[in-house]
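Inside the fold
Given next are the chains, with one letter for each unit.
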Amino acid sequence: MCGIVGYTGDREAQELLLSSLKRLEYRGYDSAGIAIVSGEITIFKDKGNINNLSKQIPKMKGRTGIAHTRWATHGVPMKNNSHPFSDCTSRFALVHNGIIENYQEIKDELMKKGHIFSSETDSEVIVHLIEDFFKEIGDTEKAVRATVKRLEGSYAILLIEKESNRIFAIRNRSPLVIGLGDGENFIASDVPALLEHTSSVIYLQEGDIAEVTPERVLITDHDGNAMKREAQEIEWSLEDAEKGGYKHFMLKEIFEQPSAIQDSMRGRWVEPADRYNHRSLRSIKIVACGTSYHAGLTGKYILEEILKIPVTVEVASEYRYSPPIRENSTVILITQSGETADTIAAAVEARRRGGRTIAITNVVGSTITREVDEVIYTQAGPEMGVAATKTFTTQLVALYQLALRYGVESGRLDYDDAKEIERELRLIPRKVRAVLDSHEDIEKVAEFLRKAENMFFIGRNINYPTAMEGALKMKEISYIHAEGYPAGELKHGPLALLTSETPVLAIACRNATFEKMLGNIREVGARESPIIVVGFKKDRRILERYADRVIDIPETIPLLSPIPVSVALQLLSYYTADMRGAEIDRPRNLAKSVTVE
Ligand code: AGP
């Protein structure tokens, strides 16, 4: 997500803000910008990195300011969509991190009143709304309170005002921390941006509005009631702070999944004007690589179950060189980075063959978005670890949503059934949190695997791809040779490899194939292989009879079980790799974005 910094004090703000902003570069971003108050407000912003911005901007005088690195969610990376944003009267400027869900409704209202917008972002509506309330009330603080009461979604906002040295810092489901100085104060979305200047900080809580001046920090709730927040001493090194206190980016990203999934449920569609008639949908093809391919394989089960039409899934590097048969399907390209060379080439090829193409990606404005007819954005935020974690589970969310939407629109899924699945989907972030809360139990299971050199992951039905993804995660970061297999296939070859030295992880979430799965686990037990079973908590007693170790997850409908199971498997791979001393965030020979064929 975006990075935010603010400063008010007795030093010149420009250099200080830019160097603090550079501390947030590790998060990934596509644009940067700064606003400084010196009587009037001056803003500089552009697409590209902070160095690019620094080269363009003249010396800006002023001791109060805000700055921002943007990770695009609404509107492609470009100057106009970069933060800070100002209102029509240039009285205010603000930076925002998060997603304003009801921005379109507010924007329409404000446009009718004559407000002119310069960007496609959700963030810009906030500053215009503040301007609008200010016009009516004549008081900034009151205008801010009135504004936050209208906003739905997640936001961390810093607001500055001309001829003033105060900064409003507003938090709702997006972090903000205030760094306390002597005659100066700092604000940031992340601790690393502050550490150079102070180790004394106040973490804002949900619903807090802080008014920060060089001399004081006043924190209130939406109604103006004073809120008491204790200052804390930070003892992290800069490197620890970048990882939010987690040992690795991968672990941080695994733990970010409840909010990443929640945000992706608010995912946004970019559609062509002529809305496609889903009734005529006869088949779907999914094309992707690596983890995204596994999301695609899971998508096959989801879409076939809901839409009752055939879905085929192909690895991008195979699809692009397959015979150029006319494409009668809708082709879904899945790529978190949007830059995978094989997937982009497959998108071009699918279009050339006459297919209607849809991309699911996590990066706004990435190359794939220019090669397809329609885009669905996941909202996982930047992923730094090479191993895909939160981008995978959010891809699954996009596929569930797509299936539900097509299902209802085509009349293939009953509206009430769709509502029921959606209700369960909304509970998934909470269930993922419960899996994360059991991380110590999963760490103990990892102990059981640390010496393994080979292992199998088995599953059936919708959890067969989950097993493949679990195996990929394990091999990628722990270097244990792991194979993902459909459980029913073991007896057709792989059983020959099973010994007491070959652990097998079986996914046994209760569904129509549960009994069959138990039979397969028994086959494995007969070869004396160590067995780990992942299943629903309510089945723990049964599963314990079959397994040496059990990882339980909260119950959900079988269709949605790949999300919590995958999170448990990500933790298992992580802890196993960590115990083996592997270099988790940068596994050997691998790159985050594979831009070569
Ligand atoms: C997964 O952990 C890997 N890093 C890799 O398989 C990845 O999913 C693959 O390279 C595809 O990347 P994309 O989603 O950016 O296209």
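Residues numbered from 1 in each chain as written. Predicted model: local features only at pLDDT ≥ 70, side-chain atom pairs only at ≥ 80, totals over all residues. Heavy atoms only, no water.

1. Considerations on the overall build of the protein
If you tally the helices and strands in the protein, you get 18 helices and 25 strands. Against the compact-globule benchmark of 25 Å for 597 residues, the protein has a radius of gyration of 25 Å, which places it among compact chains. Counting only residues that meet the buried cut, the protein has 60% of its 597 residues in that class. Considering only contacts within the protein whose residues lie at least 6 apart along the sequence, 72% involve residues at least 24 apart. Across the protein, the 76 positively charged side chains and the 86 negatively charged ones have centroids separated by 3 Å. (Helix = DSSP H or I, 4+ residues; strand = E, 2+ residues; numbered from the N terminus. Rg over C-alpha atoms; globule rule 2.2 N^0.38 Å. Buried < 20%, exposed > 50% of the residue type's maximum accessible area, 1.4 Å probe, protein only. Contact = heavy atoms within 4.5 Å. Lys, Arg positive; Asp, Glu negative; His and termini not counted. Charge placed at Lys NZ, Arg CZ, Asp CG, Glu CD.)

2. What to know about the nonpolar core
Core analysis: the largest hydrophobic core is formed by 80 residues, its most contacted members being Ile 284, Leu 303, Ile 306, Phe 457, Leu 505 and Leu 572. Of the residues that make up this core, three or more belong to each of domain 2 (243-426) and domain 3 (428-597). Listed in part, the 28 residues of the second largest apolar core include Ile 36, Ala 67, Ala 188 and Phe 249. (Core = buried A, V, L, I, M, F, W, Y, C linked by side-chain atoms within 4.5 Å. Domains from an automatic or database assignment.)

3. Topic: the sheet that holds strand β2 (residues 31-38)
Reading across the sheet, the 8 strands line up as β3-β2-β4-β1-β10-β9-β11-β14 and stay open at both edges, with antiparallel pairing between neighbours. This sheet does not close on itself; its edge strands, each paired only once, are β3 (40-47) and β14 (232-233). (Pairing = 2+ DSSP bridges.)

4. Structural notes on helix α18 (residues 562-579)
For α18, with 18 residues, the first-to-last C-alpha span of 25 Å sits near the 26 Å given by 1.5 Å per residue. Looking one or two residues past α18, Gly 581 carries a phi angle of roughly 70°, positive in sign. (Expected span 1.5 Å × (residues − 1).)

5. A look at the pattern of salt bridges
Under the criterion given, the structure shown has 43 salt bridges. The salt bridge involving Glu 314 is made with Lys 285; its shortest N-O contact spans 3.6 Å. Note that Glu 314 is positioned in strand β17 (residues 311-315) and Lys 285 in strand β16 (residues 284-288), a separation of 29 residues in sequence. Residue Glu 314 is classed as partly exposed on the basis of its relative accessible area of 23%. The exposure class of Lys 285 is buried, given its relative accessible area of 13%. (Salt bridge = Lys/Arg side-chain N within 4 Å of Asp/Glu carboxyl O.)

6. Re the packing of aromatic side chains
In total, this model carries 5 aromatic pairs according to the counting rule given. One residue, Arg 353, lies across the ring of Tyr 319, its end atom 4.7 Å from the ring centre. (Phe/Tyr/Trp six-rings, centres within 6.5 Å; stacked < 30°, edge-to-face > 60°. Lys NZ or Arg CZ within 6 Å of the ring centre and 35° of its normal.)

7. Comments concerning the site of the ligand
Surveying the vicinity of the ligand reveals 14 residues, the closest of which are Ser 292, Thr 335, Gln 336, Ser 337 and Thr 340. Between the ligand and Thr 335, the relevant distance is 2.7 Å, taken from an oxygen atom to a side-chain nitrogen or oxygen of the residue. At a separation of 2.8 Å, an oxygen atom of the ligand approaches a polar backbone atom of Gln 336. Expressed as a share of its isolated accessible area of 410 Å², the protein-covered part of the ligand is 92%. At the level of elements, α9 (290-307) and α15 (463-478) are the ones that each hand at least two residues to the shell around the ligand. A total of 3 residues in the shell around the ligand trace back to one element, the largest contributor, which is α9. Split into classes, the residues belonging to the shell around the ligand amount to 5 nonpolar, 7 polar and 2 charged. Each of domain 2 (243-426) and domain 3 (428-597) gives at least three residues to the shell around the ligand. (Near = heavy atom within 4 Å. Polar contact = N/O pair within 3.5 Å; in protein donor to acceptor, adjacent residues only side chain to side chain. Areas by Shrake-Rupley, 256 points an atom, 1.4 Å probe, with all protein chains shown as cover. Nonpolar A, V, L, I, M, F, W, Y, C, P; charged D, E, K, R; others polar.)

8. Things to note about the pairing of β16
In the case of a regular strand, side chains alternate between the two sheet surfaces. A large share of β16 lies buried, amounting to 5 of its 5 residues. The side-chain alternation of β16 yields two buried faces, one formed by Ile 284, Ile 286 and Ala 288 and the other by Lys 285 and Val 287. Pairing analysis gives 5 bridges linking β16 to β17, with the strands arranged parallel. Pairing of Lys 285 across the sheet is with Thr 312, part of β17. Crossover connection from β16 via α9 to parallel β17: handedness right-handed. Bridge analysis of β16 against strand β18 (residues 330-335) gives 5 bridges, and the strand direction is parallel. Counted as the bridge partner of Lys 285 is Val 331 from β18. (Right-handed = clockwise from strand over helix to strand, strands pointing away.)

9. Thoughts on the domain arrangement of the protein
Domains assigned within the protein are domain 1 (3-240), domain 2 (243-426) and domain 3 (428-597). Between domain 1 and domain 3, the C-alpha centre-to-centre distance is 43 Å.

10. Overview of the packing of helix α8 (residues 257-265) against helix α13 (residues 415-437)
The contact between α8 and α13 brings their axes to 8 Å, and the two run at 170°. Here α8 is positioned roughly antiparallel relative to α13, judged by the angle of their axes. Taken together, the residues of α13 that come into contact with α8 (itself represented by Gln 257, Pro 258, Ile 261, Gln 262 and Met 265) are Leu 425, Arg 426, Ile 428, Pro 429, Val 432, Arg 433 and Leu 436. (Axes fitted to C-alpha atoms, helices over the stretch in contact; angles between N-to-C directions. Parallel < 35°, antiparallel > 145°, perpendicular 65-115°, else oblique.)

11. A word on the sheet that holds strand β8 (residues 167-172)
Strand pairing in a sheet relies on backbone hydrogen bonds. The paired strands run either parallel or antiparallel. Across the sheet, which stays open at both edges, the 6 strands sit in the order β5-β6-β7-β8-β12-β13 with antiparallel pairing between neighbours. The open sheet terminates on both sides in strands that have one partner only, identified here as β5 (85-86) and β13 (217-220). Relative to β8, strand β7 (residues 153-161) runs antiparallel, the two being bridged by 6 bridges. For Ile 157, the partnering residue across the bridge sits in β8 and is Ile 170.

12. Some remarks on the side chain of Thr 340
Within the secondary structure, Thr 340 is located in the loop between β18 and α11 (341-352). On the basis of relative accessibility, which here comes to 14%, the residue Thr 340 falls in the buried class. Not counting residues within four places of it along the chain, the set of residues in contact with Thr 340 comprises Cys 289, Thr 335 and Val 594.

13. A short note on the packing of α15 against α18
What describes two packed helices is the angle between their axes and the distance between those same axes. One way to put it is that α15 packs onto α18 with a least axis distance of 9 Å and a crossing angle of 20°. Classified by the angle their axes make, α15 and α18 are roughly parallel. In this structure, the crossing between α15 and α18 has a hand that is right-handed. Along its contact with α15, which presents Asn 463, Thr 466, Gly 470, Lys 473, Met 474, Ile 477 and Ser 478, the element α18 presents Pro 562, Val 565, Ser 566, Leu 569, Gln 570, Leu 572, Ser 573, Tyr 574, Thr 576 and Ala 577. By residue class, the composition of the contact of α15 with α18 is 8 nonpolar, 8 polar and 1 charged. (Left-handed = near helix turned anticlockwise from the far one by under 90°.)

14. Section: unusual backbone geometry
That bond from His 83 to Pro 84 is cis: its omega, 0°, falls within 30 degrees of zero. By secondary structure assignment, the location of Pro 84 is in the loop between β4 (64-70) and β5. Unusually for a residue other than glycine, Tyr 479 sits at a positive phi of about 65°. On the secondary structure map, Tyr 479 appears in the loop between α15 and β22 (481-486). Looking at Tyr 479, the relative accessible area reads 26%, which means it is partly exposed. Notably, Asn 589 is not glycine yet its phi reads approximately 70°, a positive angle. Here Asn 589 is to be found in the segment after α18.

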